[in-house]
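# Residue-level structural notes
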Amino acid sequence: MTTTTPLFVIGVGRSGTTTLASLLSSHPRVVVGQERYKALWGKRIGELTPECFTRERFFDFSDGLTNIVPDAEERWRVHYDRMDAQFDEASHVGDKLTVARLQVLWEQHPTAHFVCIVRDVAEVAASWDRRATTVTDRGWPESLDARRAVEFWNQHNARIRRAARLRPEQVAVVEHASFFGDPGASALRRVLTGLDLETTPEVETAFAAAHARYADVVAQERSLSPEAQGFLEQHADLQLWRSLRRLAR
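Throughout this document, residue positions are counted from 1 along each chain, in the order its sequence is written. Per-residue local features are limited, in this predicted model, to residues with pLDDT of at least 70; the limit for side-chain atom pairs, both in listing and counting, is 80 or more; totals at the level of whole chains, interfaces and linings are taken over all residues. Based on all heavy atoms of the structure, the side-chain values leave hydrogens and waters out of the count.

### Notes on the overall build of the protein
- From N to C terminus, the protein includes 11 helices and 5 strands.
- The size measure is the radius of gyration over C-alpha atoms, and the globule rule it meets is 2.2 Å times the number of residues to the 0.38 power. Its C-alpha atoms give the protein a radius of gyration of 18 Å, within 12% of the compact-globule value 18 Å for 249 residues.
- For the protein, buried positions account for 47% of its 249 residues.
- In the protein, once contacts between residues fewer than 6 apart in sequence are set aside, the share between residues at least 24 apart is 80%.
- The charged-residue count follows a simple rule in which Lys and Arg add positive charge and Asp and Glu add negative charge, with His and chain termini not counted at all. To locate a charge, take NZ of a lysine, CZ of an arginine, CG of an aspartate or CD of a glutamate. Side chains of the protein give 32 positive and 34 negative charges; the mean places of these two sets differ by 5 Å. Helix and strand definitions follow DSSP, with helices as H or I runs of at least four residues and strands as E runs of at least two, each counted in order from the N terminus. Exposure is judged per residue with a 1.4 Å probe applied to protein chains only, and the accessible area is read against the type maximum: over 50% gives exposed, under 20% gives buried, and values in between give partly exposed. Working rule for contacts: check all heavy atoms of both residues, and any pair within 4.5 Å makes them a contact.

Here it is, written out as C-alpha cells:
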C-alpha cells in the first residue's frame, strides 16, 4: 500500500458535505468515509488517530462508531465496496465530519489536508428547519431548527476561517453554490490540483451528476418563517461569511 495523506471533508450539517465527500472519493486514488467515526466527534476526538485509517480498522464496522454502515442502505454498501476496491492504491484516506475540529485533528494528523465547504446561512437554516419540523424524519432532532443552525453556522465558519489563514496550503475552502453550480467544475479542479490529483473520467462523471442535481433540486428557493428570517438577520455573522467567501477557491 502506498503512503497516504490524511484527508478530511468538513462542513456544518446540510452544507453539502455528503455530496462533496462522495465526489472526492470518486477519484480512484481517494478514500473518504461518510461519517465513519461519528461517535468520536465529541470528547473522544483524541481517539481519531492514524490507526483508524488502516484497512483493518476502516472497514470494521463492528466498532459501533457510526450508524452509516453498509448494511443500513444500498448507497452506503456501494460506497464502501468502492472504497474497499480503491484502498490499496489510495494516496488520500480520511473521513467526512460535520463538526469543525480542525485544530484537534491536526494534532493527530499533522500532514492532513482539509476540504471545507461553506453555504449561505439562509439555505442551511431552511434545510435544518425543514428537517426539524418533518415528523417522519426520525434522523433529525426537533431541537435542531433554524435558530440552532445559525449558531452552528457561525461557529463552523469562524473555525474554518482561522484554519485556512493558519495553514492555507492544507485547507481548501469551497462555497456550495459556486462549487456545484459551475458546469465547468473549476473549483473542483483547483481542489484536486491542491491535492496533487488529476481530474479523472470518474470524477467528471460524478461531478456531472452532482451539478445536475444541484441545478434541478438543491438550488430551488427555500423559505424561512418571518421569525426565523428575522433571527437570522440579527444573529448570523455576515461579515465573517463575506471574508470566508473571499477565501473560497
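### A look at helix α6 (residues 146-166)
- By this rule, a helix spans an expected 1.5 Å times one less than how many residues it contains. A rise of 1.5 Å per residue sets the reference length of α6, with its 21 residues, at 30 Å; its end C-alpha atoms lie 30 Å apart and thus fit the reference within 8%.
- Buried within α6 are the following residues: Ala-146, Ala-149, Val-150, Trp-153, Asn-154, His-156, Asn-157, Ile-160, Ala-163 and Ala-164.
- Buried positions along α6 lie against α4 (102-108), β4 (113-118), α5 (121-132), β5 (171-175), α10 (226-235) and α11 (238-247).

### Quick look at the nonpolar core
- Residues Phe-8, Leu-48, Leu-102, Phe-114 and Val-171 are the most contacted members of the largest nonpolar core, which totals 53 residues.
- In terms of residues, this core owes the most to one element, α6, which gives 7 residues.
- Residue contacts for Leu-48: discarding those within four places in its chain leaves Phe-8, Tyr-37, Leu-40, Phe-53, Leu-97, Leu-105, Gln-108 and His-109.
- In these notes, a set of buried Ala, Val, Leu, Ile, Met, Phe, Trp, Tyr and Cys residues joined through side-chain atoms within 4.5 Å is what counts as a nonpolar core. With 26 residues, the next largest nonpolar core counts Ala-21, Val-30, Val-191 and Leu-197 among its residues.

### Observations regarding the state of the cysteines
- The disulfide criterion used throughout: a pair of cysteine sulfur atoms within 2.5 Å. Following the criterion strictly, the structure yields 0 disulfides and no others.
- Of all cysteine sulfurs in the structure, the one in Cys-116 sits closest to Cys-52, which takes part in no disulfide; the separation is 20 Å.
- Owing to a relative accessible area of 0%, Cys-52 belongs among the buried residues under this scheme.
- A relative accessible area of 0% places Cys-116 in the buried class.

### Concerning the packing of aromatic side chains
- Ring geometry is summarised as follows: Phe, Tyr and Trp rings, the Trp one being its six-membered ring, pair when their centres sit within 6.5 Å, and such pairs are stacked at plane angles under 30 degrees, edge-to-face over 60 and tilted between the two. Counting across every chain of the model gives 15 aromatic pairs.
- Ring centres 5.7 Å apart and planes at 80° place the aromatic pair Phe-8 and Phe-53 in the edge-to-face group. With Phe-8 in strand β1 (residues 5-10) and Phe-53 in the loop between β2 (30-34) and α2 (55-58), the pair connects residues that are 45 residues apart, well separated along the chain.
- Here the aromatic residues Phe-8, Tyr-37, Phe-53, Phe-58, Phe-59, Phe-61, Tyr-80, Phe-87, Trp-106 and Phe-114 are joined through ring pairs into a cluster of three or more.
- The rule for a charge over a ring is simple: NZ of Lys or CZ of Arg within 6 Å of the ring centre, and within 35 degrees of the ring normal. Arg-36 extends its terminal NZ or CZ atom over the ring of Phe-61, reaching a point 4.5 Å from the ring centre.
- The residue whose ring lies beneath Arg-167 is Trp-106, and the NZ or CZ to ring-centre distance is 4.3 Å.

### Points about the pattern of salt bridges
- When a carboxyl oxygen of Asp or Glu is within 4 Å of a side-chain nitrogen of Lys or Arg, the pair counts as a salt bridge. Enumeration according to the criterion identifies 14 salt bridges in this entry.
- Among the salt bridges present, the one from Arg-55 reaches Asp-88, with a minimum N-O distance of 3.2 Å. On the criterion of sequence distance, the pair formed by Arg-55 in helix α2 and Asp-88 in the loop between α3 (74-86) and β3 (92-97) is long-range, its members being 33 residues apart.
- Here the salt bridges do not stand alone but share partners, grouping Arg-36, Glu-51, Arg-57 and Asp-63 into one network.

### Some words on the side chain of His-113
- Following the sequence through the fold, His-113 ends up in strand β4.
- Setting aside residues no more than four positions away along its own chain, His-113 makes contact with Thr-5, Pro-6, Leu-7, Phe-8, Glu-169, Gln-170, Gly-194 and Leu-195.

Treat this as a map of the structure, not an account of what it does.
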